[in-house]
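Understanding the architecture of this molecule
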Amino acid sequence: MNKLKGMRWWMVGLVTLGLIVNYLARNTLSVAAPTMMTDLHIDTKEYSYIVVAWQVCYAVMQPVAGFVLDAIGTKIGFAVFAFAWSLACACAALASGWQSMAFFRGLLGLTEAAGIPAGVKATTEWFPARERSVAIGWFNIGSSIGALCAPPLVVWAILHAGWQWAFVIVGVLGIAWTLLWSVFYKHPRDQKLLSDEERDYILAGQEAKHQDSAAKASWRQIVRSRNFWSIAIPRFLSEPAWQTFNAWIPLYMATERHMNLKEIAAFAWLPFLAADIGCVLGGYLSPFVHRHLKVSLFDSRKWVMAFGSLCMIAPGCIGLVASPYAAIFLLCIGGFAHQTLSGALYAITSDVFGKNEVATATGLAGMSGYLGATLFTLLFGVLVTHTGYSPMFVVLAVFDVLAAIVVWTLVRDGGPRMPAKTDAPAVAGIR
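Rules of the game
Residues numbered from 1 in each chain as written. Predicted model: local features only at pLDDT ≥ 70, side-chain atom pairs only at ≥ 80, totals over all residues. Heavy atoms only, no water. Helix = DSSP H or I, 4+ residues; strand = E, 2+ residues; numbered from the N terminus. Rg over C-alpha atoms; globule rule 2.2 N^0.38 Å. Buried < 20%, exposed > 50% of the residue type's maximum accessible area, 1.4 Å probe, protein only. Contact = heavy atoms within 4.5 Å. Areas by Shrake-Rupley, 256 points an atom, 1.4 Å probe, with all protein chains shown as cover. Lys, Arg positive; Asp, Glu negative; His and termini not counted. Charge placed at Lys NZ, Arg CZ, Asp CG, Glu CD. UniProt positions renumbered as here; feature names shortened; annotations may be inferred. Expected span 1.5 Å × (residues − 1). Salt bridge = Lys/Arg side-chain N within 4 Å of Asp/Glu carboxyl O. pLDDT = per-residue confidence, 0-100. Core = buried A, V, L, I, M, F, W, Y, C linked by side-chain atoms within 4.5 Å. Polar contact = N/O pair within 3.5 Å; in protein donor to acceptor, adjacent residues only side chain to side chain. Axes fitted to C-alpha atoms, helices over the stretch in contact; angles between N-to-C directions. Parallel < 35°, antiparallel > 145°, perpendicular 65-115°, else oblique. Nonpolar A, V, L, I, M, F, W, Y, C, P; charged D, E, K, R; others polar. Left-handed = near helix turned anticlockwise from the far one by under 90°. Phe/Tyr/Trp six-rings, centres within 6.5 Å; stacked < 30°, edge-to-face > 60°. Lys NZ or Arg CZ within 6 Å of the ring centre and 35° of its normal.

1. A few points about the overall build of the protein chain
Looking only at helices and strands, the protein chain features 17 helices and zero strands. The C-alpha atoms of the protein chain give 21 Å as radius of gyration, which agrees with the globular expectation for 431 residues (22 Å, within 12%). If you line up the protein chain on its principal axes, its C-alpha atoms span 60 × 45 × 40 Å. Counting across all 431 residues of the protein chain, residues that qualify as buried make up 61%. Sequence separation of 24 or more characterises 85% of the internal contacts of the protein chain that already satisfy a separation of 6 or more. Carbon and sulfur atoms make up 70% of the accessible area of the protein chain, which totals about 16500 Å². Looking at the protein chain, you have 31 positive and 24 negative side-chain charges, and the mean spots of the two groups are 5 Å apart.

2. As for the UniProt feature "transmembrane region" (unreviewed entry) in the protein chain
Under the UniProt annotation, "transmembrane region" (unreviewed entry) lies at residues 48-69, 76-96, 134-159, 165-185, 264-284, 304-337, 358-383 and 389-411. Taken end to end, residues 76-96 is 76% helix and 0% strand, and its first and last C-alpha atoms sit 34 Å apart.

3. Examining helix H3 (residues 74-91)
Relative to the 26 Å expected for 18 residues at 1.5 Å per residue, H3 spans 26 Å between its end C-alpha atoms, a close match to the ideal helical length. All of the buried residues in H3 are Thr74, Gly77, Phe78, Ala79, Phe81, Ala82, Trp85, Ser86, Ala88 and Cys89. The secondary structure elements touched by the buried residues of H3 are helix H1 (7-39), helix H2 (44-72), helix H4 (98-112), helix H5 (115-126) and helix H7 (163-184).

4. Considering the environment of leucine 396
Relative to the elements of secondary structure, leucine 396 occurs in helix H17 (residues 390-410). Leucine 396 gets classed as buried once you look at its relative accessible area, which sits at 1%. A C-alpha to C-alpha distance of 23 Å links leucine 396 and alanine 150, two positions 246 residues apart in sequence. In this view, leucine 396 contacts Pro240, Ala241, Thr244, Met312 and Phe376; residues no more than four positions away in its chain are not counted.

5. A look at the pattern of salt bridges
Summed over the entire model, instances satisfying the criterion amount to 10 salt bridges. In this structure, the salt-bridge partner of lysine 121 is aspartate 70, at a minimum N-O distance of 3.0 Å. With lysine 121 in helix H5 and aspartate 70 in helix H2, this pair connects stretches of sequence that are 51 residues apart. Comparing lysine 121 with aspartate 70, the two get one shared label, buried. Among the ionic pairs, aspartate 351 bridges to arginine 301, the shortest N-O distance being 2.8 Å. Here arginine 301 lies in helix H13 (residues 297-311) and aspartate 351 lies in helix H15 (residues 324-352), a separation of 50 residues in the sequence.

6. Details of the confidence of the model for the protein chain
Across the protein chain, the average pLDDT comes to 83, with 92% of residues at 70 or higher. Below pLDDT 50 for its whole length, residues 415-431 participates in 33 contacts with residues either more than four positions away or in separate chains.

7. What about the nonpolar core?
Generally speaking, soluble globular proteins have nonpolar side chains that are buried together. Counting residues in hydrophobic clusters, the biggest one holds 129 residues, and the most contacted among them are Tyr47 and Met101. For this core, the leading source of residues is H1, giving 16 residues. Apart from residues no more than four positions distant in its own chain, tyrosine 47 is found in contact with Leu29, Ser30, Ala33, Met37, Ile42, Ala247, Trp248 and Leu251.

8. Thoughts on H15
Between its terminal C-alpha atoms H15 stretches 42 Å, which fits the 42 Å expected from 29 residues at 1.5 Å a residue. Of all 29 residues that make up H15, 24 are buried, and the element is covered over most of its length. Among the residues of H15, the N-terminal cap falls to serine 323, whose side-chain oxygen and the backbone nitrogen of tyrosine 325 are separated by 3.1 Å.

9. As for the packing of H1 against H5
Close contact between H1 and H5 brings their axes to 10 Å; oriented N to C, the two are set at 175°. Classified by the angle between their axes, H1 and H5 sit roughly antiparallel to one another. Of the residues in H5, those in contact with Met7, Arg8, Met11, Val12, Val15, Leu19, Asn22 and Tyr23 of H1 are Gly115, Ile116, Gly119, Ala122, Thr123 and Trp126. Class assignment of the residues belonging to the contact of H1 with H5 gives a composition of nine nonpolar, four polar and one charged.

10. Brief notes about the packing of helix H12 (residues 270-292) against H15
At a closest axis distance of 7 Å, the pairing of H12 and H15 adopts a crossing angle of 35°. In the crossing of H12 with H15, the sense of the turn from one axis to the other is right-handed. Residue-level inspection shows Leu270, Pro271, Ala274, Ala275, Ile277, Gly278, Cys279, Leu281, Gly282 and Leu285 of H12 in contact with H15, the latter providing Ile328, Leu331, Cys332, Gly335, Phe336, Gln339 and Thr340. When the residues that make up the contact of H12 with H15 are grouped by side-chain class, the tally is 12 nonpolar, five polar and no charged.

11. Notes on the environment of tryptophan 242
By the element assignment, tryptophan 242 lies in helix H10 (residues 226-255). With a relative accessible area of 2%, tryptophan 242 lands in the buried category. For the pair formed by tryptophan 242 and cysteine 91, sequence separation is 151 residues and the distance between their alpha carbons is 25 Å. For tryptophan 242, the contacting residues outside a window of four places in its chain are Tyr23, Ser143, Ser144, Phe272, Ala275, His338 and Gln339.

12. A word on unusual backbone geometry
One non-glycine residue, histidine 41, lies in the positive phi region at around 60°. Secondary-structure assignment places histidine 41 in the loop between H1 and H2.

13. Regarding the side chain of arginine 8
Structurally, arginine 8 is set in helix H1. The class for arginine 8 is buried, based on a relative accessible area of 13%. Reaching out from arginine 8, the side chain makes a polar contact with the side chain of glutamate 198 at a distance of 2.9 Å. Setting aside residues up to four positions removed in sequence, arginine 8 forms contacts with Trp126, Phe127, Glu131, Glu198, Tyr201 and Ile202.

14. Remarks on the packing of aromatic side chains
One pass over the structure, following the stated rule, counts 18 aromatic pairs. Consider the rings of phenylalanine 78 and tryptophan 85, whose centres lie 6.1 Å apart with planes at 55°: the pair is tilted. Classification of tryptophan 85 as buried rests on a relative accessible area of 1%. A network of ring pairs unites the aromatic residues Phe78, Trp85, Trp177, Trp181 and Tyr185 as a single cluster. The ring centre of tyrosine 23 lies 3.7 Å from the NZ or CZ of arginine 26, which sits over that ring. Taking the ring centre of tryptophan 408 as reference, the NZ or CZ of lysine 302 above it sits at 5.0 Å.

Here it is, written out as structure tokens:
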């Protein structure tokens, strides 16, 4: 059988497609919101309850999804969750009020929770340490492309058939991707299209904790480790910004900047295009900083995190501009900034946790992030009617700066230690 050159990049491309569908499903609601809220007689506070239903279920399910992925493997685990979230997305077309929409979005949250842990686990399996931030940047771009594609797709569906059809179309796309994943994804040891040379390159560049024989830390060991909290706390602080972008930008443009449906379709995707650039550039920034600033590969992730958090100051200034186009520009900087720092945080997670625990650790940290997003969304839904959007964007900028400070203060180069009774060796740092 002929070998396929650069097979690891084909695999990360497949993960990226999955994340595109994943984020397309979650962003369909925000774009459909102005029309759907009118049809179903939903007010802003009730809409925030719908968003929170997704966030709570997503948060609770993240560590469970991560544990399932570590237990049964990336291939089967991701396929099962993807098929389930596709059905949940399509079922949202049946909603008749905010309660039923919240129920279907809750189901979507439970099933979509596997997306990021699966992506981090797949890149950990397929890439050496020095390429991992780049690979994470490329698969993380799927989250932004999904959000980018949602406005034109949903508006097209609304204008031609109704908002319900947007959920159905995205559900069908998810099922199609599940079939694609089930056929083509394989672990490097089972992938017959992978050349021996590339397999040796991948394995030679992986740390000892990413080898198949490495011991797996328990949930308790992970949660009790310093490195877990150095990731979980920044996720708690930074995730509200991305969820606000995903859930509220179209509504913000309609209510605060008085844009119509066609203008929303024309401009609401731009912050997510900027986020795409942040995903990719952030991935390449880490090896660039490592090479030119002569810092360790691990420390380079922290420098990228700091850079992204400082750029988040831009959307915090959105209340200072009168032009809606200037506001969109600041949101674009915010999208770029958040995905830059988010990719760095995922890379740090893959650095400090082993192959058999990285999905669990990612899921547990993700739960922390979405609990933060849930609390902020509840606050957002209530206060936005009294204070407007601008103060809330200031808070998001402050949160991201604090997240970077926590990473610099707490994180250490190395994962949770195994108990003395195991035969696992101490985890070596990445340099």
